[in-house]
Amino acid sequence: MDFLIEQPDTVEEAVRILAERPGAARAVWGGSDLVVEVRDGLSRPEVVVDLTRIRELVEVRETGDGGLSLGAGVPLEHLARRPELAERFGALAEALRAVGSVPLRFGSTLGGNLATASPAADSAPPLLVLEAEVEIAGPGGRRRPALADFFQGPRRTVLGPGEIITRILLPPPPPGARGTYLKFARRRALDLALVSVAALGWPDAEAASGVRFRLAAGAVAPTPLRLPAAEEILAAGRLDEETRTAVRRAVEAAVRPIDDVRAAATYRREMAGTLALRAVDRVLRTLEGGVA
Ligand SMILES: Cc1cc2nc3c(=O)[nH]c(=O)nc-3n(C[C@H](O)[C@H](O)[C@H](O)COP(=O)(O)OP(=O)(O)OC[C@H]3O[C@@H](n4cnc5c(N)ncnc54)[C@H](O)[C@@H]3O)c2cc1C
């Protein structure tokens, strides 16, 4: 199909072009999702706003407080290879390496992965446990919602007309925190998650268990979601069999999976509980100095 390609050099120019043609103009970086949408007739943009010339979108910067700012247009493979991610934001590094394949990751971005708002997006659960914020630029200026408030449903976000994601902000993780990401899929590569779980744990003297956890799951609800009830149970006591059962039940109660061609809802619900416990065990082993 025919469309006009615009190649702005700045965020402001991109926003202006997108805002002038609401509904008809679409932002694109790698195109890995948009090309599929156009091919399948789900989208017919008249103007494609190519974001790849905007320097601001490919910057990775320390925020000065131990946090990190990730440009929305940095290819996923570049992010996955950055030592800062492996050292401080391990769950995200693991999740990025789980996306598709190496060639796909060189041509796709965090901004695109989040803006598509697939419930199975691999970057979302680790970004939720890291309590990331999303910087959005639009006709009214910039705003910075928490990622937890960004997703509104499958393929729906808070992005309004003319708005683009400029960067993803990772606050400093709690001292001593370790994280992991577990993805369960039908194949090892080039497959979306049937269920995924991210866990972040750190020593906390105020928690009765001595360790505080954040947990999030993907592909088991209309949006990726945090699992606060399971987090509270983990903080409340020793991880014995009773606690494990309670955590599993809390996860199973929180998720709202669907039946689809890839898996049944009941299977996804049970796997969410299993993966959550596996992720917790894995983090505990790394916190104790063992091998994850
Ligand atoms: C074969 C294949 C396998 C895949 N496997 C996985 C997988 O295992 N895990 C996974 O999570 N994903 C997977 N994906 C999905 C895809 O690769 C990711 O969602 C990718 O990160 C999208 O990035 P992109 O730059 O290509 O986005 P694009 O296709 O350029 O854009 C995607 C959407 O986001 C919008 N957009 C892009 N950038 C911005 C921005 N900065 N601000 C606002 N809106 C923006 C576009 O308008 C479009 O709606 C797969 C895709 C394919 C084709």
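Note: the structure precedes this text.
Novice: Outline the nonpolar core, listing residues and values.
Specialist: Ranked by internal contacts, the top residues of the largest apolar core, which has 39 residues, are Leu70, Leu85, Leu92, Leu127, Ile168 and Leu170. For this core, the secondary structure elements donating two or more residues are β5 (68–71), α3 (76–80), α5 (90–97), α7 (110–116), α8 (124–129), β6 (133–138), β10 (164–170) and β12 (195–203). When residues of this core are assigned to domains, at least three fall in each of domain 2 (55–170) and domain 3 (178–287). Those residues in contact with Leu70 that sit more than four places away from it in its chain are Glu59, Val60, Leu79, Leu85, Leu92, Leu110, Thr166, Arg167, Ile168 and Leu170.

Novice: Tell me what's going on with helix α11 (residues 265–287), and back it up with residues and numbers.
Specialist: Over its 23 residues, α11 runs 33 Å from end to end, which matches the ideal 33 Å to within 8%, given 1.5 Å per residue. Residues of α11 that are buried: Ala265, Arg268, Met271, Ala272, Gly273, Leu275, Ala276, Leu277, Ala279, Val280, Val283 and Leu284. At its buried positions, α11 is contacted by β11 (178–184), β12, β13 (211–218), α9 (228–236) and α10 (241–254). After α11 finishes, the residue Gly289 shows a positive phi value of roughly 90°.

Novice: Tell me about the pattern of salt bridges, residues and numbers included.
Specialist: Under the defined criterion, the tally for this structure stands at 26 salt bridges. With a shortest N-O distance of 2.9 Å, Arg39 and Asp40 are connected by a salt bridge. Asp40 gets classed as partly exposed once you look at its relative accessible area, which sits at 42%.

Calculation rules
Residues numbered from 1 in each chain as written. Predicted model: local features only at pLDDT ≥ 70, side-chain atom pairs only at ≥ 80, totals over all residues. Heavy atoms only, no water. Core = buried A, V, L, I, M, F, W, Y, C linked by side-chain atoms within 4.5 Å. Buried < 20%, exposed > 50% of the residue type's maximum accessible area, 1.4 Å probe, protein only. Helix = DSSP H or I, 4+ residues; strand = E, 2+ residues; numbered from the N terminus. Domains from an automatic or database assignment. Contact = heavy atoms within 4.5 Å. Expected span 1.5 Å × (residues − 1). Salt bridge = Lys/Arg side-chain N within 4 Å of Asp/Glu carboxyl O.

Remember, this is a structural readout, not a statement about activity or role.
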